[in-house]
Amino acid sequence: MKILVTGAKGFVGKNLIAELKNRGYTDIIEFGRETDKSSLDQYSKECEFVFHLAGVNRPNDEKEFMEGNYGLTSELLELLKKHNNKAPILITSSIQAERDNPYGRSKKAGEDLLFKYGKEEEVKVLVYRLPNLFGKWSRPNYNTVVATYCYNISRGIDIQVNNPDAELTLSYIDDVLEEFIRALEGNPTKKDECCYVSITHNVKLGELAEIIKGFKESRTNLSIPNMEDELIKKLYSTYLSFLPKDEFSYDLKMNCDNRGSFTEFIRTPERGQVSVNVSRPGITKGNHWHNTKNEKFLVVSGEGLVRFRMIDSDEIIEYRVSGDKMQVVDIPTGYTHSIVNIGETDLITVMWANECFNPDKPDTYFLEV
């Protein structure tokens, strides 16, 4: 299928084209602002499906709303009629089409034009009234407040929250693309005349700002956002796409001494703490036990010996561990335990604990194995 995408270099267009290619659609005609306008005539003759995504939402002059959202649509439909091309056409409108403002009126005019074209030419038309969209490759101060907040907060730039209680309805770009692919394959989600993306998220503006600020803070408090919350998961992915190119990495505090080092990596209230422990050759670490705290040890490099003893027993249990064979060792409660580097190189162990370390209640009692 030969697919024409207008607005190909925009936020939605760029994501759509990438996903179409992911799914094996390779015959894609891209039309954007940089494309010679005269080529649209040939494209309109060849295409078998049209994603009409081109539009204007932040012009310098209000009259550009109608020129970009109605005028280009009119030109495209006239060219399709000229070539008697009955290709289905999908257009991106906006929930603003229900409102009496310059942008909304221009979107509504484009919708009405397309519906009229569909009836007169007996062509399948799909009009999507989209809410605020967000996701990777969006533009700050242009596409969405999410993009603006992600861009500014990731760079330490102040943000404006004019009305914290203002309610936003958001759609994530990947959910939009899923719906568009269904439409392409003949199964759009419709309600009355218009189509819609079935997965949306509602959030207050102030709450949105706090969530995104929390993403920046997670680098210092080592927290992980709640990935069970679909909106937070999608917002975090979006936030990461806005990181400055020289700030993909961040330092961790290494607690070093002559035995090696211990470094906390992740801290979560629900899933505990992950740390990286480095032991030099011949070094023993541990020799303590816990009442309730439990751990998992995973040696990823070097050779070690994990030793256990029930606190009221003389029996010693030993597990030989090595980075050559990935093996998790559970650390049960009530057993004093240690890990010894028996190799000639550093012993590197990933350690998980079911709770974050609390110096006021460490639940850790020294006792040699």
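Let us look at the structure shown here.

Procedures and definitions
Residues numbered from 1 in each chain as written. Predicted model: local features only at pLDDT ≥ 70, side-chain atom pairs only at ≥ 80, totals over all residues. Heavy atoms only, no water. Patch = residues over 30% accessible without salt bridge, like charges linked within 9 Å, V, L, I, M, F, W, Y side chains within 5 Å. Areas by Shrake-Rupley, 256 points an atom, 1.4 Å probe, with all protein chains shown as cover. Salt bridge = Lys/Arg side-chain N within 4 Å of Asp/Glu carboxyl O. Helix = DSSP H or I, 4+ residues; strand = E, 2+ residues; numbered from the N terminus. Lys, Arg positive; Asp, Glu negative; His and termini not counted. Charge placed at Lys NZ, Arg CZ, Asp CG, Glu CD. Buried < 20%, exposed > 50% of the residue type's maximum accessible area, 1.4 Å probe, protein only. Axes fitted to C-alpha atoms, helices over the stretch in contact; angles between N-to-C directions. Parallel < 35°, antiparallel > 145°, perpendicular 65-115°, else oblique. Left-handed = near helix turned anticlockwise from the far one by under 90°. Contact = heavy atoms within 4.5 Å. Nonpolar A, V, L, I, M, F, W, Y, C, P; charged D, E, K, R; others polar. Pairing = 2+ DSSP bridges. Core = buried A, V, L, I, M, F, W, Y, C linked by side-chain atoms within 4.5 Å. Phe/Tyr/Trp six-rings, centres within 6.5 Å; stacked < 30°, edge-to-face > 60°. Lys NZ or Arg CZ within 6 Å of the ring centre and 35° of its normal. 1 Å grid on protein atoms, 1.4 Å probe; cavity = no way out; pocket = protein on both sides within 12 Å on 5 of 7 lines; lining within 4 Å. Points joined across faces, edges and corners; volume = space filled by probe spheres on them.

1. Overview of a nonpolar patch on the surface
So, point 1. A cluster of nonpolar residues, Tyr250, Leu252 and Phe265, forms a patch on the protein surface that exposes about 250 Å² of accessible area.
So, point 2. Here Leu252 is to be found in the loop between α8 (230–241) and β11 (254–257).

2. Comments concerning a negative patch on the surface
So, point 1. A contiguous patch of negative charge, built from Asp165, Glu167, Glu207 and Asp229, is present on the exposed surface.
So, point 2. Note on Glu207: relative accessible area 44%, which makes it partly exposed.

3. Here we look at the packing of helix α1 (residues 11–22) against helix α6 (residues 173–184)
So, point 1. Where α1 contacts α6, the two axes come as close as 10 Å, and the packing angle between them is 60°. Judged by the angle between their axes, α1 and α6 are oblique. α1 and α6 meet at a crossing whose hand is right-handed. Only Ile173, Leu177, Phe180, Ile181 and Leu184 of α6 make contact with α1, whose side of the interface consists of Phe11, Val12, Asn15, Leu16, Glu19 and Leu20.
So, point 2. In terms of residue class, the contact of α1 with α6 is made up of 9 nonpolar, 1 polar and 1 charged.

4. Some points on the pairing of strand β14 (residues 284–289)
So, point 1. Examined bridge by bridge, β14 and strand β19 (residues 335–341) share 4 bridges and lie antiparallel to one another. Within β19, the residue paired with Lys285 across the bridge is Ile339.
So, point 2. Where β14 meets strand β21 (residues 365–366), 2 bridges bridge the pair, whose relative direction is antiparallel. Pairing of Trp289 across the sheet is with Tyr365, part of β21.

5. Some points on the nonpolar core
Nonpolar side chains in soluble globular proteins tend to end up buried together.
So, point 1. Ranked by size, the top nonpolar core spans 50 residues in total, and within it Val5, Leu20, Phe51, Phe180 and Leu208 carry the most contacts.
So, point 2. The dominant element in this core, judged by the number of residues it contributes, is α6, at 7 residues.
So, point 3. With residues near it in sequence (within four places) discarded, Phe180 still touches Val12, Leu16, Phe51, Leu53, Leu90, Thr92, Tyr128 and Leu130.
So, point 4. If you look at the next biggest cluster of nonpolar residues, it comprises 22 residues, including Leu4, Val50, Leu77 and Ile91.

6. Structural notes on the sheet that holds strand β18 (residues 328–331)
So, point 1. Strand order in this open sheet of 6 strands is β11-β12-β13-β20-β15-β18, and the pairing throughout is antiparallel. Single-partner strands in this sheet number two, and they are β11 and β18. Strand-to-strand twist in this sheet, taken as the mean axis angle between neighbours without regard to direction, amounts to 20°.
So, point 2. Taken together, the 4 bridges between β11 and strand β12 (residues 260–268) define a ladder with antiparallel strand orientation. In the strand pairing of β12, Met254 is matched with Thr263.

7. Here's the deal with the packing of aromatic side chains
So, point 1. Per the counting criterion, the structure on display carries 9 aromatic pairs.
So, point 2. Relative to Phe180, the ring of Tyr128 lies with its centre 5.2 Å away and its plane at 65°, an arrangement referred to as edge-to-face. Taken together, the residues Tyr128 in strand β5 (residues 125–130) and Phe180 in helix α6 connect sequence positions 52 residues apart. Each member of the pair, Tyr128 as well as Phe180, is classed as buried.
So, point 3. Between the aromatic rings of Phe215 and Tyr239, the centroid separation amounts to 5.7 Å while the plane-to-plane angle is 55°, which identifies the pairing as tilted. Of this pair, Phe215 sits in helix α7 (residues 205–221) while Tyr239 sits in helix α8, and the two are 24 residues apart along the sequence.
So, point 4. A connected cluster of aromatic rings, assembled from ring pairs, spans Phe49, Phe51, Tyr128 and Phe180.
So, point 5. Over the ring of Trp137 we find Lys136; its NZ or CZ atom is 4.8 Å from the centre of that ring.
So, point 6. One Lys or Arg, Arg139, reaches over the ring of Tyr142 and ends 3.9 Å from the middle of that ring.

8. Some details on the layout of surface pockets
So, point 1. Its boundaries defined by the atoms lining it, the second largest pocket holds a volume of some 600 Å³.
So, point 2. In terms of lining, the second largest pocket is formed by 26 residues, of which the most central are Phe262, Asn277, His288, Glu295 and Met351.
So, point 3. For the lining of the second largest pocket, the secondary structure elements donating two or more residues are β11, β12, β13 (272–279), β14, β15 (295–301), β19 and β20 (347–353).
So, point 4. A total of 4 residues in the lining of the second largest pocket trace back to one element, the largest contributor, which is β12.
So, point 5. A per-class count over the lining of the second largest pocket returns 7 nonpolar, 12 polar and 7 charged.

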